[in-house]
Amino acid sequence: MTTKIFIDGAVGTTGLEIRDRLSGRADLTLITLPEVQRKDAAARAHALNEADIVILCLPDDAAREAVSLVENPDTRIIDASTAHRTDPAWIYGFPELEPGRTAALGSAKRVSNPGCYPTGFLALVRPLVRAGLVPASHPFSVNATSGYSGGGKSMIAAFEDPADPNATDTAFRLYALGLGHKHVPEMTVHAGLDHGPIFFPAVARTYRGMLVEVPLHLHLLPGTVKAADLREALHEAYRGRPLVRVHDTQPGFLTLEHAADSDRLELFVFTDEKAGQARLVAALDNLGKGAAGAAVQNLNLMAGVGETEGLRL
Ligand SMILES: NC(=O)C1=CN([C@@H]2O[C@H](COP(=O)(O)OP(=O)(O)OC[C@H]3O[C@@H](n4cnc5c(N)ncnc54)[C@H](OP(=O)(O)O)[C@@H]3O)[C@@H](O)[C@H]2O)C=CC1
Ligand SMILES: CC(=O)N[C@@H](CCC(=O)OP(=O)(O)O)C(=O)O
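Cut-offs and rules
- Residues numbered from 1 in each chain as written.
- Chains lettered and ligands numbered in written order.
- Predicted model: local features only at pLDDT ≥ 70, side-chain atom pairs only at ≥ 80, totals over all residues.
- Heavy atoms only, no water.
- UniProt positions renumbered as here; feature names shortened; annotations may be inferred.
- Helix = DSSP H or I, 4+ residues; strand = E, 2+ residues; numbered from the N terminus.
- Near = heavy atom within 4 Å.
- Polar contact = N/O pair within 3.5 Å; in protein donor to acceptor, adjacent residues only side chain to side chain.
- Areas by Shrake-Rupley, 256 points an atom, 1.4 Å probe, with all protein chains shown as cover.
- Domains from an automatic or database assignment.
- Core = buried A, V, L, I, M, F, W, Y, C linked by side-chain atoms within 4.5 Å.
- Buried < 20%, exposed > 50% of the residue type's maximum accessible area, 1.4 Å probe, protein only.
- Contact = heavy atoms within 4.5 Å.
- Pairing = 2+ DSSP bridges.
- Axes fitted to C-alpha atoms, helices over the stretch in contact; angles between N-to-C directions.
- Buried area = accessible area lost by both parts, 1.4 Å probe.
- Phe/Tyr/Trp six-rings, centres within 6.5 Å; stacked < 30°, edge-to-face > 60°.
- Parallel < 35°, antiparallel > 145°, perpendicular 65-115°, else oblique.
- Left-handed = near helix turned anticlockwise from the far one by under 90°.

**A closer look at the UniProt feature "domain: Semialdehyde dehydrogenase NAD-binding" (unreviewed entry) in the chain**
Argument step 1. UniProt's feature table lists "domain: Semialdehyde dehydrogenase NAD-binding" (unreviewed entry) at residues 4–105, given in the numbering used throughout.
Argument step 2. As annotated, residues 4–105 comprises 34% helix and 19% strand, and the C-alpha atoms at either end are separated by 18 Å.

Here you go:
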């Protein structure tokens, strides 16, 4: 018997990426709706309740609505939106983040898929906080740049269609300058911090790819923390995990496209020990480990198949 999957929001940016990764899988049957019914609540409700696992690739309000339409107690949900990421009733779908999380996902009924920026931030910071190398009270900041597909169909149109009302020809722009970005609570809760990091997101004129950077003043940390301690804590946290690579080298440059078109999460520690400074950097694809890759990884764990089935290693 195959596992029945329904992607609600299947023709959006994330939905199409997931479909692509699932195509040709003999262990799955994809439930699809015709174009005229894809926003029809009754048709969606039918598909949502027929599926073994649904993946919500919708704006937050539509994702909440979809959850309310599920009446079948056996239907399991992966929500790619922000709606449930800090809800304790949902399992945060970042298998590598905490010991035991992979096993918990295997039997989970409600899974919130992490945001793209939080994936980079948490991957770098959570192991250091857990190991006691950086205190939970540390005043973190996080600089990050995303490809424009991170903003979904509307941002893609703004960058690609000169006739779009929000058309832009910019190469790079900072945003969320009012500081209250929706990903800050998610970063704070899942890193186990006392207060949120200052978050500086930016978007650049490339379709996909992401760099997330956390600067650290090592001499402000308790004890004597060296770059080797940071790398060792990251190696320890991700040993044996197929999608996460911890690098021991300090390349001369890192591009936004470094991990684009892959479902990998690549972690780097750049340091100047003499100055007591470090720059922790995560490279990923906002649509890979930042969205669709993570959703398929969670689906694989929930369905009890190999974690990396259909993924781009
Ligand atoms: N893009 C990214 O890199 C990431 C996205 N996410 C999250 O994934 C979710 C989807 O994002 P993304 O794919 O980028 O967004 P898109 O805007 O590209 O796609 C959203 C899709 O949902 C459809 N939709 C909207 N309302 C409804 C509804 N009521 N019923 C059925 N379908 C509906 C839209 O329809 P229509 O085509 O008609 O507009 C669209 O096809 C969001 O919550 C986003 O925050 C998470 C991580 C990264
Ligand atoms: C470039 C860009 O605009 N990116 C989006 C985040 C995309 C994403 O991660 O979606 P979730 O919010 O569902 O996590 C933003 O900053 O709002």
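**Quick look at the site of ligand 2**
Argument step 1. As a structural note, the neighbourhood of ligand 2 is formed by 14 residues, with Cys 116, Tyr 175, His 181, Lys 182 and His 183 the closest of them.
Argument step 2. A distance of 3.3 Å separates an oxygen atom of ligand 2 from a polar atom in the backbone of Cys 116.
Argument step 3. Against a free-state accessible area of 430 Å², the protein chains account for coverage of 83% of ligand 2.
Argument step 4. Here the shell around ligand 2 spans two domains, since at least three of its residues come from each of domain 1 (3–114 + 291–303) and domain 2 (116–287).

**Regarding the nonpolar core**
Argument step 1. The biggest cluster of nonpolar side chains holds 43 residues, and the ones touching the most others in it are Phe 121, Leu 230 and Leu 267.
Argument step 2. Going through the elements one at a time, helix H5 (116–130), strand S7 (141–147), helix H7 (184–191), strand S10 (210–217), helix H8 (227–238), strand S11 (244–246), strand S12 (265–272) and strand S13 (277–284) are the ones with two or more residues in this core.
Argument step 3. The element best represented in this core is H5, accounting for 9 residues.
Argument step 4. Two domains each provide a minimum of three residues to this core, namely domain 1 (3–114 + 291–303) and domain 2 (116–287).
Argument step 5. Ignoring any residue separated from it by four or fewer positions in sequence, one finds Phe 121 in contact with Phe 140, Val 142, Met 187, Ala 191, Leu 193, Pro 197, Val 212 and Val 214.
Argument step 6. Residues Ile 5, Leu 105, Ala 295 and Leu 311 belong to the second largest nonpolar core, which totals 21 residues.

**Focus on the sheet that holds strand S3 (residues 53–56)**
Argument step 1. Read from one edge of the open sheet, 6 strands run S2-S1-S3-S4-S6-S5, paired in parallel fashion. The sheet is open, and its two edges are formed by strand S2 (28–31) and strand S5 (91–92), each paired on a single side.

**Looking at the environment of Ile 7**
Argument step 1. One can find Ile 7 in strand S1 (residues 3–8).
Argument step 2. Those residues in contact with Ile 7 that lie beyond four places of it in its chain are Gly 15, Ile 18, Arg 19, Leu 22, Leu 30, Ile 31, Ile 55 and Cys 57.

**Details of the UniProt feature "active site" (unreviewed entry) in the chain**
Argument step 1. In the numbering used here, UniProt assigns the feature "active site" (unreviewed entry) to Cys 116.
Argument step 2. Here Cys 116 is to be found in helix H5.

**Concerning the site of ligand 1**
Argument step 1. If you check the shell around ligand 1, you find 25 residues, and the closest are Thr 13, Thr 14, Lys 39, Leu 58 and Lys 153.
Argument step 2. Taking Asn 286, its side chain carries an N or O atom lying 3.2 Å from an oxygen atom of ligand 1.
Argument step 3. Bound to the protein, ligand 1 loses 82% of the 900 Å² it would expose on its own.
Argument step 4. Residues from two domains meet in the shell around ligand 1; each of domain 1 (3–114 + 291–303) and domain 2 (116–287) gives at least three.

**Some details on the sheet that holds S12**
Argument step 1. As summarised here, the arrangement of the 7 strands in space is S8-S9-S7-S10-S13-S12-S11, forming an open sheet in which the pairing is mixed. The sheet is open, and its two borders are formed by strand S8 (172–174) and S11, each paired with just one other strand. Looking at each pair of strands side by side, their axes are set apart by 20° on average, direction ignored.
Argument step 2. Examined bridge by bridge, S7 and S10 share 4 bridges and lie antiparallel to one another.

**Description of the domain arrangement of the chain**
Argument step 1. Assigned domains within the chain: domain 1 (3–114 + 291–303) and domain 2 (116–287).
Argument step 2. The C-alpha centroid of domain 2 is placed 25 Å from the C-alpha centroid of domain 1.
Argument step 3. Facing the 22 residues of domain 1 at the interface are 28 residues of domain 2.
Argument step 4. The junction of domain 1 with domain 2 conceals about 2000 Å² of combined surface from both sides, 49% of it contributed by carbon and sulfur atoms.
Argument step 5. Interface area lost by domain 1 to domain 2 is led by Thr 13, Glu 96 and Leu 97, which between them contribute 28%.

**Looking at the packing of aromatic side chains**
Argument step 1. Taken as a whole and assessed by the stated rule, the structure comprises 5 aromatic pairs.
Argument step 2. When the ring of Tyr 148 is compared with that of Phe 159, the centres are 4.8 Å apart and the planes differ by 0°; the resulting orientation is stacked. In this pair, Tyr 148 is assigned in the loop between S7 and helix H6 (152–160) and Phe 159 in helix H6, connecting sequence segments 11 residues apart. With respect to burial, Tyr 148 and Phe 159 carry one shared label: buried.
Argument step 3. Members of the aromatic cluster, each reached through a chain of ring pairs, are Tyr 148, Phe 159 and Tyr 207.

**Remarks on the packing of helix H2 (residues 41–50) against helix H3 (residues 60–69)**
Argument step 1. Axis separation between H2 and H3 bottoms out at 9 Å; the angle between their running directions is 60°. Taken as axis vectors, H2 and H3 run oblique relative to one another. Both H2 and H3 take part in a crossing whose hand is right-handed. Side by side, H2 and H3 meet where Ala 41, Arg 44, Ala 45, Leu 48 and Asn 49 of the first sit next to Ala 62, Glu 65, Ala 66 and Leu 69 of the second.

**What about the environment of Glu 17?**
Argument step 1. If you trace the backbone, Glu 17 turns up in helix H1 (residues 13–22).
Argument step 2. Sequence-wise, Glu 17 and Gly 293 are 276 residues apart; in three dimensions their C-alpha atoms are separated by 8.3 Å.
Argument step 3. Here Glu 17 is in contact with Arg 208, Leu 287, Ala 292 and Arg 312, once residues within four sequence places are set aside.

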